[in-house]
Amino acid sequence: MPPAVNRTMSAPEWAMLVSLSVLWGGSFFFTHVALDAVPPFTLVTLRVGLAAVILNAVVPLSGLSMPRGARVWAAFLGMGLLNNAVPFCLIVWGQTHIASGLAAILNATTPLFTVVAAHILTSDEGMTGNRIAGVLAGLAGVAVMVGPAVLAGLGTDLLAQIAVLGAALSYACAGLFGRRFQGMGVPPLATAAGQVTASALLLLPIALVVDRPWTLPVPSASVWGAIGGIAALSTALAYVLYFRILATAGATNLCLVTFLIPVSAILLGAVVLGERLDPQHFIGMALIGCGLAAIDGRLRAFLQRRRRPSPEVYRGRDI
């Protein structure tokens, strides 16, 4: 049985969460370069396939071995389906019909789905008023950062929007499903290797049928560099952090990374590409910060300390 995780995250867990958001936020740079020469399904297959090669090589070098039981590999397939194959396909299809900004806002509903699902399906990640308020504040922050113009398309291309919401729900279910690996005794590194291996097996037939990659021209060195970056950093390393956070902090806290990814992407754009930061970005970041503090429990603890009379007040009353 996993330990109770409905608690405030520690500093190392926050550091891993922020690092994960940077790795996934950086994937937008790699994807932008790679998609100029590689179609979407081929790119995501290469992403998880190369990550599988890397992690399966690292596992024995770390003194570990991959589990061989049918029960564990069935769980890897389930995790690959929920965390990669289904959401990747839904988002890729959805973004061909709606703006990427709107897709980002819809994808940011993942923590909301996680809070509800965790309350129903788990005994240690119950729903609280602070968590709901924090999720709504974080979602509002993402919407402000992306900009109100993208909401003009809300309600049109309904199937595409439902597809992206379905991806968010799939990510939420994956976070809860992935808790079982700790109970199985599978370490985060082996879990990450098993998931991306299963994901590659699931996505390969789709890429072969839809993209027919053997008909494509050979990508340039810069494109291969981007593919290597998204596989090694934004997938292999990122999923090691993902399963480590999940094992100790729980699915609800893990899904907070959905709010941090737009922040990381925008800050990376400002630092690396010299893109301008507008006032809406800072307002959105502030809302996201408040949401994270509310979900984590730190905001409630801070307010309780502010309301609690100081010892001097009590001594004054005794006089």
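What comes next is a walk through the structure. (Residues numbered from 1 in each chain as written. Predicted model: local features only at pLDDT ≥ 70, side-chain atom pairs only at ≥ 80, totals over all residues. Heavy atoms only, no water.)

This paragraph deals with the overall build of the chain. Helix and strand counts for the chain stand at 15 helices and zero strands. In the chain, buried positions account for 49% of the 319 residues. Residue pairs in contact within the chain that sit at least 24 positions apart in sequence constitute 88% of those at least 6 positions apart. By element, 70% of the accessible surface of the chain is carried by carbon and sulfur atoms, the whole surface being about 15,000 Å². (Helix = DSSP H or I, 4+ residues; strand = E, 2+ residues; numbered from the N terminus. Buried < 20%, exposed > 50% of the residue type's maximum accessible area, 1.4 Å probe, protein only. Contact = heavy atoms within 4.5 Å. Areas by Shrake-Rupley, 256 points an atom, 1.4 Å probe, with all protein chains shown as cover.)

Moving on: the packing of helix 5 (residues 110-121) against helix 7 (residues 158-177). At a minimum axis separation of 8 Å, helix 5 and helix 7 run at an interaxial angle of 45°. Classified by the angle their axes make, helix 5 and helix 7 are oblique. In the packing of helix 5 onto helix 7, the handedness of the crossing is right-handed. Together, Thr110, Phe113, Thr114, Ala117, Ala118 and Leu121 of helix 5 and Leu165, Ala168, Leu169, Tyr171, Ala172 and Leu176 of helix 7 make up the contact between the two elements. By residue class, the composition of the contact of helix 5 with helix 7 is 10 nonpolar, two polar and no charged. (Axes fitted to C-alpha atoms, helices over the stretch in contact; angles between N-to-C directions. Parallel < 35°, antiparallel > 145°, perpendicular 65-115°, else oblique. Left-handed = near helix turned anticlockwise from the far one by under 90°. Nonpolar A, V, L, I, M, F, W, Y, C, P; charged D, E, K, R; others polar.)

With that settled, the discussion passes to the side chain of Arg47. Within the fold, Arg47 resides in helix 2 (residues 40-61). One buried charged side chain, Arg47, makes no salt bridge at all; its nearest oppositely charged neighbour is Asp211, positioned 14 Å away. Here the side chain of Arg47 touches Thr235 through a polar contact of 2.6 Å, side chain to side chain. In this structure Arg47 touches Trp24, Ser27, Phe88, Ile230, Ala231, Ser234 and Thr235, once residues within four positions along its chain are discounted. (Lys, Arg positive; Asp, Glu negative; His and termini not counted. Salt bridge = Lys/Arg side-chain N within 4 Å of Asp/Glu carboxyl O. Polar contact = N/O pair within 3.5 Å; in protein donor to acceptor, adjacent residues only side chain to side chain.)

For the rest of this paragraph, the subject is the nonpolar core. With 60 residues, the main nonpolar core has Leu17, Leu20, Trp24, Leu55, Tyr242, Phe243 and Phe259 as its most contacted residues. Among the elements that take part in this core, helix 10 (residues 221-249) stands out by supplying 10 residues, more than any other. Those residues within four positions of Trp24 in sequence are excluded, and the remaining contacts are Arg47, Ser234, Ala238, Tyr239, Tyr242, Val257 and Ile261. Within the second largest apolar cluster, 13 residues are counted, among which are Ala85, Ala167, Tyr171 and Leu203. (Core = buried A, V, L, I, M, F, W, Y, C linked by side-chain atoms within 4.5 Å.)

On to a nonpolar patch on the surface, then. Together, Leu204, Leu208, Val209, Val210 and Trp214 make up a nonpolar patch on the protein surface, roughly 520 Å² of accessible area in all. As for its placement among the helices and strands, Leu204 is situated in helix 9 (residues 188-210). On the basis of relative accessible area, Leu204 is assigned to the partly exposed category, the value being 41%. (Patch = residues over 30% accessible without salt bridge, like charges linked within 9 Å, V, L, I, M, F, W, Y side chains within 5 Å.)

In this section: helix 12 (residues 257-272). Along its 16 residues, helix 12 runs 21 Å from first to last C-alpha, staying within 8% of the 22 Å computed at 1.5 Å per residue. When we look at burial in helix 12, the residues that qualify are Val257, Thr258, Phe259, Leu260, Ile261, Pro262, Val263, Ser264, Ala265, Ile266 and Gly269. A positive phi of about 75° marks Gly274, the residue just after helix 12. (Expected span 1.5 Å × (residues − 1).)

Glancing now at the environment of Cys290. Its location among the elements puts Cys290 in helix 13 (residues 279-296). Residue class for Cys290 comes out partly exposed when judged on its relative accessible area of 47%. Between the C-alpha atoms of Cys290 and Val135, which are 155 residues apart in sequence, the distance is 9.6 Å.

Next up on the list: the packing of aromatic side chains. For any pair of aromatic rings, geometry is given as the distance between the ring centres together with the angle between the planes. This model, assessed by the stated rule, comprises eight aromatic pairs. Consider the rings of Trp24 and Tyr242, whose centres lie 6.0 Å apart with planes at 50°: the pair is tilted. One end of the pair, Trp24, is in helix 1 (residues 11-34); the other, Tyr242, is in helix 10, with 218 residues separating them in the sequence. Aromatic pair Tyr239 and Tyr242: ring centres 5.5 Å apart, planes at 70°, arrangement edge-to-face. Remark: Tyr242 and Tyr239 occur in helix 10; sequence separation between them is three residues, near one turn of the helix. Under the relative-accessibility criterion, Tyr239 is labelled buried at 4%. The exposure class assigned to Tyr242 is buried, which follows from its relative accessible area of 5%. (Phe/Tyr/Trp six-rings, centres within 6.5 Å; stacked < 30°, edge-to-face > 60°.)

As a further point, take the packing of helix 9 against helix 10. Between helix 9 and helix 10, the least distance of the axes is 8 Å, while the angle of their chain directions is 125°. In terms of their interaxial angle, helix 9 and helix 10 are classed as oblique. By crossing handedness, the relation of helix 9 to helix 10 is classed as right-handed. On helix 10, the residues touching Pro188, Leu189, Thr191, Ala192, Gln195 and Val196 of helix 9 are Thr235, Tyr239, Val240, Phe243 and Arg244. Looking at side-chain class alone, the contact of helix 9 with helix 10 contains seven nonpolar, three polar and one charged residues.

By themselves, these observations are geometric and do not establish any function.
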